[in-house]
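One-letter residues, chain by chain:
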Amino acid sequence: MAIQSLLLGVVALAGSAIAAPAAAITTATPTPTLTNAQVHAPAITADVAAGVVDKRAAACTFSGSNGYASASKSQAACATIVLKNVAVPSGTTLDLSKLKKNTHVIFEGTTTWGYKEWAGPLLQIKGTGITVTGASGAVLDAGGSKYWDTKGSNGGKKKPKFFAARLKSSSINNLHIKNTPVQAVSINSCDDLTITGMTIDNSAGDSGNRGHNTDGFDIGRSNNIIIDGAKVYNQDDCVAVNSGTHITFKNGLCSGGHGLSIGSVGGRDDNVVDTVTFSNNQVTKSTNAIRVKATMNTTGKINKVTYSDLTMSNISKYGILIEQNYKGGDLKGKATSGLPITGLTLSNIKGKGAVSSSGHNSVITCGSSSSCSGWKWSGVNVTGGKKYGSCTNVPGVAFCT
């Protein structure tokens, strides 16, 4: 009887253990060690695909001189990161390259960087499903006036590049960037990235021609990129597509620089540009408006590039420049045909009286008739400049003046 009672007790104890409720999953809100950090209650969401629980703070705000370090250290612990009046020390990257999927980054107030001669980048953002937003009135000021010396990246002071974007299935909205020492936004190895309402303002570099190589957007090895409604004031390419596919730049304004460029293409690891569209843009106060640059004596391809509904004004050198003899500069030597330019479409290009009398309306240098083929031009009206006398192998639908 005693044995039977003992057995019944064991069974009851086991049943009690099975019936006991499981402990609730909890997580402490991450507490970054920083001045003025505000960490809100954690949001716990299930990641079904991974089968894990995402234990991140709903929002973390970082500010002041320590904000950059704390944000970089705590980036994986926050679903939303607010950078408010962050002062990044000299020689330091504001590094957000370890963001978890679907993180939201918000810039508020004025973000600044200390002065140091180095390569940069000053800002790096990497991840998947990332949303980057500039709050109303927010400015990212890179302090370019301390670096500008008319030489850009070709000498003088060593100047840091500004923003390295390495993003997939992501968006950047309403960022206002000013005074980048040299190149502003590098889009490299990105896929499915949309940039909306970005302003890049390096117009202060016009004074004394001090700003140089201040490219707006440099795009390489990237696919499915849309840049919509950008305003770029600079002293070099507004956009330069060096490699990549399915890239769109639309509803933009380019002022003071070298216009909307393909390339230069050639001499890199990736030398393919395919399916690029520039639509409904304005190019003003610029050296060039439309420029397609294939490097001579190299291989690769430029295919299906379209410029449509473009208005140009105050162009000093070339309204349209399409060349297969680029070599560190425009129109160097004899054009070659190893890097063909095919399927080039120009439609509704408005440039009546837009080119300076010392410039040229349209210049085309192709290495052969077959290396510039499949072009479609309609409604192209570019005037004001003088005739260029050394065009070669101009397709029948195009013109050289």
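About the criteria used
- Residues numbered from 1 in each chain as written.
- Predicted model: local features only at pLDDT ≥ 70, side-chain atom pairs only at ≥ 80, totals over all residues.
- Heavy atoms only, no water.
- UniProt positions renumbered as here; feature names shortened; annotations may be inferred.
- Buried < 20%, exposed > 50% of the residue type's maximum accessible area, 1.4 Å probe, protein only.
- Helix = DSSP H or I, 4+ residues; strand = E, 2+ residues; numbered from the N terminus.
- Pairing = 2+ DSSP bridges.
- Core = buried A, V, L, I, M, F, W, Y, C linked by side-chain atoms within 4.5 Å.
- Contact = heavy atoms within 4.5 Å.
- Salt bridge = Lys/Arg side-chain N within 4 Å of Asp/Glu carboxyl O.
- Phe/Tyr/Trp six-rings, centres within 6.5 Å; stacked < 30°, edge-to-face > 60°.
- 1 Å grid on protein atoms, 1.4 Å probe; cavity = no way out; pocket = protein on both sides within 12 Å on 5 of 7 lines; lining within 4 Å.
- Points joined across faces, edges and corners; volume = space filled by probe spheres on them.
- Nonpolar A, V, L, I, M, F, W, Y, C, P; charged D, E, K, R; others polar.

By the naming in an unreviewed UniProt entry, the chain is endo-polygalacturonase, taken from Pseudopithomyces chartarum. One UniProt comment on the chain, placed under Catalytic activity (unreviewed entry), says "(1,4-alpha-D-galacturonosyl)n+m + H2O = (1,4-alpha-D-galacturonosyl)n + (1,4-alpha-D-galacturonosyl)m." Per its UniProt entry, the chain bears the Subcellular location (unreviewed entry) comment "Secreted".

Student: It is not clear to me how the pairing of strand 8 (residues 110-113) should be interpreted in this structure. Could you clarify?
Tutor: Consecutive residues of a regular strand have side chains that alternate between opposite faces of the sheet. Of the two faces of strand 8, only one is covered, namely that formed by Thr111 and Trp113; the face formed by Thr110 and Thr112 stays uncovered. Where strand 5 (residues 80-88) lies against strand 8, 2 bridges are found, and the strand directions are parallel. Within the sheet, the bridge partner assigned to Ala87 lies in strand 8 and is Thr112. Of the strand pairs in this sheet, strand 8 and strand 11 (residues 139-141) are connected by 3 bridges, and their pairing is parallel. In the strand pairing of strand 11, Thr110 is matched with Val139.

Student: I would appreciate a short explanation of the nonpolar core in the present structure.
Tutor: It is characteristic of soluble globular proteins that their nonpolar side chains tend to be buried jointly. Of all hydrophobic cores here, the largest spans 84 residues; its most connected members are Phe217, Ile262 and Tyr307. Contacts of Phe217, omitting those with residues within four sequence positions, involve Val185, Ile187, Ile195, Met198, Ile200, Ile227, Ala230, Val232, Cys238, Val239, Ala240 and Phe249. The next biggest cluster of nonpolar side chains, apart from the first, holds 6 residues, and it includes Leu321, Leu331, Val363 and Tyr388.

Student: Would you explain the pattern of salt bridges in this entry?
Tutor: Where side chains of opposite charge bring their charged atoms close, a pairing between them can arise. Taken as a whole, this structure holds 6 salt bridges when the rule is applied. One salt bridge in this structure joins Arg221 and Asp269, with 3.4 Å as the shortest N-O distance. With Arg221 in the loop between strand 17 (217-220) and strand 18 (222-228) and Asp269 in the loop between strand 23 (260-265) and strand 24 (272-295), this residue pair connects regions lying 48 residues apart in the sequence. Here Arg291 ties to Asp330 by a salt bridge, and the two come within 2.8 Å at their closest N and O atoms. Here Arg291 is found in strand 24, whereas its partner Asp330 is found in the loop between strand 25 (301-326) and strand 26 (341-342), with 39 residues between them in sequence. Here the salt bridges share partners, and the residues they tie into one network are Asp237, Arg291, Lys293 and Asp330.

Student: Would you mind showing me how to read unusual backbone geometry here?
Tutor: Where the residue is not glycine, phi is negative for most of them; where a peptide bond is considered, it is trans in most cases. With an omega of 10°, the peptide bond running from Gly120 to Pro121 counts as cis. Assignment of secondary structure puts Pro121 in the loop between strand 8 and strand 9 (123-128). At the junction of Gly263 and Ser264, the peptide bond is cis and its omega measures out at 20° in the coordinates. Counting through the fold element by element, Ser264 comes out in strand 23. The phi angle at Asn102 is positive, at roughly 70°, despite the residue not being glycine. With respect to the helices, strands and loops of the structure, Asn102 is situated in the loop between strand 6 (94-96) and strand 7 (104-108). The backbone of Asn251 sits at a positive phi, close to 55°, despite the residue not being glycine. The class of Asn251 is partly exposed, set by a relative accessible area of 37%.

Student: What's the story with the packing of aromatic side chains in this structure? I'm lost.
Tutor: Geometrically, a pair of aromatic rings is defined through the distance of the ring centres and the angle of the planes. Counted according to the given criterion, the structure contains 6 aromatic pairs. The interplanar angle of 5° and the centroid separation of 6.0 Å between the aromatic rings of Trp375 and Trp377 together place this pair among those described as stacked. Neither residue differs from the other here; Trp375 and Trp377 are each classed as buried. Ring pairing ties together the aromatic residues Trp375, Trp377 and Phe399, which thus form one cluster.

Student: What exactly am I supposed to notice about the layout of surface pockets here?
Tutor: Rolling a probe over the atoms, with the probe sized like a water molecule, indicates the empty space that remains. Of the voids in this model, the largest pocket is the one considered here, and its volume is about 480 Å³. In terms of lining residues, the largest pocket is bounded by 25 residues, among which Asp215, Asp218, Ala240, Asn242 and Arg268 are the most central. Counting only elements with at least two residues in the lining of the largest pocket, the list comes to strand 14 (185-188), strand 17, strand 23 and strand 24. By residue class, the composition of the lining of the largest pocket is 4 nonpolar, 10 polar and 11 charged. Taken as a whole, the second largest pocket encloses approximately 200 Å³ of empty space. Contributing to the lining of the second largest pocket are 15 residues, with Asn209, Gly211, His212, Gln235 and His258 lying nearest its centre. Going through the elements one at a time, strand 24 and strand 25 are the ones with two or more residues in the lining of the second largest pocket. For the lining of the second largest pocket, the element with the most residues is strand 24, which contributes 3 residues. The class makeup of the residues in the lining of the second largest pocket is no nonpolar, 13 polar and 2 charged.

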